[in-house]
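A closer look at the structure
If you want the building blocks of each chain, they are given just below.
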Amino acid sequence: MTAGTASFHLPPDLEAAVSAELDAWRAGDKVRRLWARDATLWTGSDEASWLGWLGVAGDQLARVDALRELAAEVRAAGFTHALVLGMGGSSLCPEVLKMTFGRIAGYPELFVLDSTDPDQIRVIERKIDVASTLFIVSSKSGSTLEPNIFKQYFFDRAKQLVGADRAGSRFITITDPGSRMQEAATADGFRRILFGVPSIGGRYSALSDFGMAPAAIMGLDAARFLGHADAMAGRCGASVPAAENPGALLGILLGVLARHGRDKVTLIASPGIADLGAWLEQLLAESTGKRGKGLIPVDREPLGPPAVYGGDRQFVYLRLASAPDRVQDDAVAALERSGQPVVRIVVPDPHHLGAEFFRWEFATAVAGAILGVNPFDQPDVEASKVATRALTDHYEATGALPAESPLRVGDPACAATVKALLRTIMPGDYVAFLAYVPMNETHEVLLQAARLAARDTFRVATCVGFGPRYLHSTGQAYKGGPNSGVFIQIICDDPDDLAVPGRRYSFGVVKAAQALGDFRVLQERGRRVLRVHLGSDVKAGLALLGRALEA
């Protein structure tokens, strides 16, 4: 079964199920209904209000000169760096583009901050020259906690370095019309205010200015990128039958396989486009993981032999034709021979990520219809935000977070408690490490070792998420999706904390509140979750935790 640049290898029973669903989509004229914004395709609630992304590629192409003018203005102003301050949908697309294309000569180097971890903020600050950095404050609602306190911190730093009268010229914001962020940007004299499209939710906003303004500023050829996206939108059009429609066919595959117990969408991407998985994680998990259903994306899990995988997997291989990886090719071929369902998508070159953004958005909407969920809301993300807000308000009033006594990694009881949690693992479960520690290569290597120990021992899918960024991504599925997750939340001390200007709480306190709030919501949802404190030496603590897992 093929559709342009994609091919699918399925066992016979799944092939039959996919064929039946394709027949149902044809008989029900469902592709046309999706483009007609028919909310009854999903749950009949507010879905029709969130489909602005269907036409955004063409709209952006029509105004591409505005993106070029923005890039020229930033270059002429002499900025050497640009820093996106955002979370989730407002930060992941720019991160994918930076990690994929690197620094483009003649343009500011782009960085992304999406963590309240004090050490991570300091690392970013050391990489830039604050006085010659353009800060891009990205927040659709304008009220999200993290972009607001990031803005407070760096606006205060800019005032110290260039003066209060010039600080605003170092900032732009991307936000929806009428938001609190627009009001703050106007009051502080920001260089520019760019507007999002109110009918496009954050995780579907990659091709709007939330993705394309940072792309233009870093020097990406926006017209070429959007051209590929618009071409894919045409191939997914209302008159294209589902069997020939790249987005609909992928979505039907994702949804049907999930309904047949294969809900762990294991992403394999060529090294040159590997960071695309971080964006796909959010899109899939936050869109479908609710009402006890959903797709559980598995990103950056090293490939293993077929024997380590259970019957709950579906594999998607995004192969970069201009720079393939032969080891991945061989591993994927072995998975196909073993009978695992595999989707292969050929990405001709990195600029075709524009096409993939649209394909996957369309596919996710289709999968949501098959699963019977609203792919445009995120009820359990809001639950974590409410819990965090209550804890930060408590700190503002009292100067302390509620007292607790988490399990410490060096305690004699730690290994036994971890072992007891892992004993609850059943076939079809997954293990997720939720790490509220600085996101860096050292810590990722240690966490990858831990996840491999869990995967190879129990033959289950594994995930690693750095907090708090995963709260705006996979956190929705962890709390609202299938109750098949086994969670180990990892926290640490922040001995070298960082103040938030104008607030009693610090960045370290915010991070601690986010972790505790998340833990409490997971407990309230009846999830199997353990909270482990590493102390102040994160590297040593992760090594100890790894040994406990191996034991």
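Residues numbered from 1 in each chain as written. Predicted model: local features only at pLDDT ≥ 70, side-chain atom pairs only at ≥ 80, totals over all residues. Heavy atoms only, no water.

To continue, consider the pattern of salt bridges. Counting across every chain of the model gives 34 salt bridges. Put simply, Arg26 and Asp23 hold a salt bridge, and the shortest N to O gap is 3.0 Å. With Arg26 and Asp23 both in helix α1 (residues 12–27), this residue pair falls three residues apart, about one helical turn. Taking the relative accessible area as the measure of exposure, Arg26 reaches 59% and is therefore exposed. Residue classification places Asp23 among the partly exposed residues on the basis of a relative accessible area of 38%. (Salt bridge = Lys/Arg side-chain N within 4 Å of Asp/Glu carboxyl O. Helix = DSSP H or I, 4+ residues; strand = E, 2+ residues; numbered from the N terminus. Buried < 20%, exposed > 50% of the residue type's maximum accessible area, 1.4 Å probe, protein only.)

Attention now moves to the sheet that holds strand β16 (residues 528–533). Paired through backbone hydrogen bonds, the strands of a sheet run either parallel or antiparallel to each other. A sheet is described by the order of its strands in space; here five strands give the open sequence β12-β16-β15-β13-β14, paired in parallel fashion. With one partner strand each, in any of the chains shown, β12 (407–408) and β14 (461–466) form the two edges of the open sheet. Pairing geometry for strand β13 (residues 430–435) and β14, over six bridges, is parallel. Opposite Phe433, over in β14, you have Val464 as the bridge partner. Docked against the sheet, helix α18 (residues 441–458) engages β13, β14 and β15 (485–491), running at close to 155° with respect to β14. Contacts between helix α20 (residues 507–524) and the sheet are confined to β13, β15 and β16, with β16 contributing the most and set at about 155° to the helix. (Pairing = 2+ DSSP bridges. Contact = heavy atoms within 4.5 Å. Axes fitted to C-alpha atoms, helices over the stretch in contact; angles between N-to-C directions.)

This next bit is on the sheet that holds strand β3 (residues 81–85). If you walk across this open sheet you meet the five strands as β4-β3-β5-β6-β7, and the pairing is parallel. Each edge of the open sheet carries a strand with a single partner, namely β4 (109–113) and β7 (192–195). The sheet shows a mean angle of 20° between the axes of neighbouring strands, taken without regard to direction. Bridge count between strand β5 (residues 133–138) and strand β6 (residues 171–175): four bridges; the pairing is parallel. Looking at β6, one finds that Ser138 is bridged to Ile174. Contacts between helix α5 (residues 92–101) and the sheet are confined to β3 and β4, with β4 contributing the most and set at about 140° to the helix.

Now for the nonpolar core. In terms of nonpolar packing, the biggest core is built from 98 residues, with Trp53, Trp279, Trp360 and Phe362 touching the most fellow members. Among all residues touching Trp360, those that are not within four sequence positions of it are Leu250, Leu254, Leu267, Trp279, Leu280, Leu283, Leu284, Val316, Leu318 and Ile345. Membership of the second largest hydrophobic core comes to 29 residues, among which are Leu83, Phe135, Ala158 and Phe507. (Core = buried A, V, L, I, M, F, W, Y, C linked by side-chain atoms within 4.5 Å.)

Reported here for the largest pocket is a volume of approximately 1,400 Å³. Listed by contribution, the elements that provide at least two residues to the lining of the largest pocket are α5, β4, α6 (118–127), β8 (264–269), α13 (276–288), α18 and β14. In terms of residue class, the lining of the largest pocket is built from 23 nonpolar, 11 polar and 14 charged. Approximately 1,000 Å³ is the volume found for the second largest pocket. Of all elements in the fold, only α7 (145–162), α9 (180–187), α13 and α16 (379–398) reach the threshold of two or more residues within the lining of the second largest pocket. With nine residues, the single largest contributor to the lining of the second largest pocket is α16. Split by residue class, the lining of the second largest pocket holds 11 nonpolar, 19 polar and 13 charged. (1 Å grid on protein atoms, 1.4 Å probe; cavity = no way out; pocket = protein on both sides within 12 Å on 5 of 7 lines; lining within 4 Å. Points joined across faces, edges and corners; volume = space filled by probe spheres on them. Nonpolar A, V, L, I, M, F, W, Y, C, P; charged D, E, K, R; others polar.)

With respect to the helices and strands, the residue Gly219 is situated in the loop between α10 (209–217) and α11 (222–235). For Gly219, a relative accessible area of 17% puts it in the buried group. As for Gly219 and Val529, which are separated by 310 residues in sequence, their C-alpha atoms are 43 Å apart.

The quantities given are spatial measurements derived from coordinates; they are silent on function.
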